[in-house]
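This is what each chain is made of:
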Amino acid sequence: RVGLNTMGLAEMLIRLGIRYGSEESDQFIDRLYRFVAGEAYHASSDIAAEKGPFPMFDADKFLQSGYMQKMPDDVREEVREKGVRNVTLLTQAPNGTIGTMVGTSTGIEPFYFWNYFRKSRLGKHEERVKVLEEWQQAHPGEPLPGYFVTAMDLAPEEHVKVQAAIQTWVDSSISKTCNLPASYT
């Protein structure tokens, strides 16, 4: 088992001018994660061709799973021919600390707020979202475009739709925190 996963999704959507949770984002995310999953399976098949598939691999049973039935035909064909080295390849973790440390959005989460205080081993410090600051410096005094949204701006259904678009292409486990305003029931 390996657990490839991603972070920085919300920042990427902002940089592309796509609103997190919108129908456009769901379609983009589906294409993106389909690509990620396909490439991961191509790589695992290449390794299986060199070192052999995982010990319990049975191509017919493996390809009958609902997950593999959604895979593109070229991936399914390669898996049938070469096998896969890894029983699972993709996991989606929250990546909160890592995303914050490298200055991007965490996991598949939208930004929590544009600035907030965070406690760490080093004490309490203010976090500020760089992509927002960059945009404001380039567009002084202008209102934010609609694709700048935080977790507090999203309906619960928008969080779920993003998770569903990604979960389709994750073969192991997914974690998504749905930060919502305290007023939600």
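Because the structure is predicted, anything quoted here is derived from the model rather than measured.

Observations concerning the environment of Met 71
Reasoning step 1: Among the structural elements, Met 71 can be located in the loop between helix H4 (66-69) and helix H5 (73-82).
Reasoning step 2: Through-space distance from the C-alpha of Met 71 to that of Phe 35 is 9.8 Å; in sequence the pair is 36 residues apart.
Reasoning step 3: Other than its neighbours up to four places away in sequence, Met 71 contacts Ala 37, Gly 38, Tyr 41, Arg 76 and Trp 169.

Some words on the pattern of salt bridges
Reasoning step 1: All told, the structure shown has 9 salt bridges when counted by the stated rule.
Reasoning step 2: A salt bridge links Glu 134 to Arg 15; the shortest N-O distance between them is 2.9 Å. Taken together, the positions of Glu 134 in helix H7 (residues 130-138) and Arg 15 in helix H1 (residues 9-16) put the pair 119 residues apart, joining distant regions of the chain.
Reasoning step 3: Given a relative accessible area of 48%, Arg 15 falls into the partly exposed group.

Side note on the pairing of strand E2 (residues 123-128)
Reasoning step 1: Taken together, the 6 bridges between strand E1 (residues 115-120) and E2 define a ladder with antiparallel strand orientation. Within E2, the residue paired with Tyr 116 across the bridge is Glu 127.
Reasoning step 2: In this antiparallel pair of consecutive strands, E1 and E2, the connection spans 2 residues.

Brief notes about helix H2 (residues 23-51)
Reasoning step 1: Between its terminal C-alpha atoms H2 stretches 42 Å, which fits the 42 Å expected from 29 residues at 1.5 Å a residue.
Reasoning step 2: At the C-terminal side of H2, Gly 52 shows a positive phi close to 100 degrees.

Scoring rules and cut-offs
- Residues numbered from 1 in each chain as written.
- Predicted model: local features only at pLDDT ≥ 70, side-chain atom pairs only at ≥ 80, totals over all residues.
- Heavy atoms only, no water.
- Helix = DSSP H or I, 4+ residues; strand = E, 2+ residues; numbered from the N terminus.
- Contact = heavy atoms within 4.5 Å.
- Salt bridge = Lys/Arg side-chain N within 4 Å of Asp/Glu carboxyl O.
- Buried < 20%, exposed > 50% of the residue type's maximum accessible area, 1.4 Å probe, protein only.
- Pairing = 2+ DSSP bridges.
- Expected span 1.5 Å × (residues − 1).

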